[in-house]
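# Understanding the architecture of this molecule
These are the residues of each chain, in order.
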Amino acid sequence: TIEWRPEFAIGIAGIDHEHQELIGWIGQTLAASAGAGGDREAVADLLGEVFAKVSAHFALEERVMKDRRYDQLREHKQDHELLLDDIRDIMDDYEAGSDPVEERFASRLSDWFGAHFRTHDARFHRSLPAG
């Protein structure tokens, strides 16, 4: 499963907490999918839930960036879209009959979140006014 790691932290307590909760929820969902006992439909549904929740988080983040006229919104959004594309590809592979994808899914999410939090999210949150 995917788990929070200290290197994901960007140093802003509220944001780190929100990201930690998202990662925790994803980890629990992937663990549930691994325990679905070979029920391919249940696993596909759980992976779809992860996609929906991640997508909703990104949409909220992007709306805040747009409202604040963030100068790197386009680049940040492109990085979000890369992960969403990867998630869709993994889901499509699974629905097409590939072997269980939970490990591949968790590994991709963990790698992406680690890099994204340290770069794009850290830069955006540093651009916010203190307060």
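An account of the accompanying structure is given in this report. The model shown is predicted, which means the values in this text are computed figures rather than measured ones.

## Quick look at the overall build of the protein
- Across its full length, the protein holds 4 helices and 0 strands.
- Listing every helix and strand of the protein by position from the N terminus yields α-α-α-α.
- Taking 2.2 N^0.38 as the reference for a compact globule, 131 residues should give roughly 14 Å; the C-alpha atoms of the protein span a radius of gyration of 15 Å, in line with that estimate.
- When its C-alpha atoms are laid out on the principal axes, the protein stretches across 50 × 25 × 20 Å.
- Per-residue burial over the protein gives 38% buried out of 131 residues.
- Nonlocal contacts in the protein, meaning residues at least 24 apart in sequence, comprise 72% of its contacts between residues at least 6 apart.
- Put simply, the protein shows about 7400 Å² of open surface, and 49% of that area lies on carbon and sulfur atoms.
- For the protein, the separation between the mean place of its 15 positive charges and that of its 27 negative charges on side chains is 9 Å.

## As for the pattern of salt bridges
- Taken as a whole and judged by the stated rule, the model has 7 salt bridges.
- Glu81 is the salt-bridge partner of Lys77, the closest N and O atoms lying 3.7 Å from each other. One end of the pair, Lys77, and the other, Glu81, are both in helix α3 (residues 73-95), 4 residues apart, so they sit about a helical turn from each other.
- Classification of Lys77 by relative accessible area gives partly exposed; the value is 34%.
- The exposure class of Glu81 is partly exposed, given its relative accessible area of 38%.
- With its nearest N and O atoms 3.0 Å apart, the salt bridge here joins Asp93 to Arg104. In this pair, Asp93 is assigned in helix α3 and Arg104 in helix α4 (residues 102-127), connecting sequence segments 11 residues apart.
- Each of the salt bridges in this network shares a partner with another, and the network as a whole consists of Glu62, Lys77 and Glu81.

Procedures and definitions
- Residues numbered from 1 in each chain as written.
- Predicted model: local features only at pLDDT ≥ 70, side-chain atom pairs only at ≥ 80, totals over all residues.
- Heavy atoms only, no water.
- Helix = DSSP H or I, 4+ residues; strand = E, 2+ residues; numbered from the N terminus.
- Rg over C-alpha atoms; globule rule 2.2 N^0.38 Å.
- Buried < 20%, exposed > 50% of the residue type's maximum accessible area, 1.4 Å probe, protein only.
- Contact = heavy atoms within 4.5 Å.
- Areas by Shrake-Rupley, 256 points an atom, 1.4 Å probe, with all protein chains shown as cover.
- Lys, Arg positive; Asp, Glu negative; His and termini not counted.
- Charge placed at Lys NZ, Arg CZ, Asp CG, Glu CD.
- Salt bridge = Lys/Arg side-chain N within 4 Å of Asp/Glu carboxyl O.

Any functional reading would require information beyond the geometric quantities listed.
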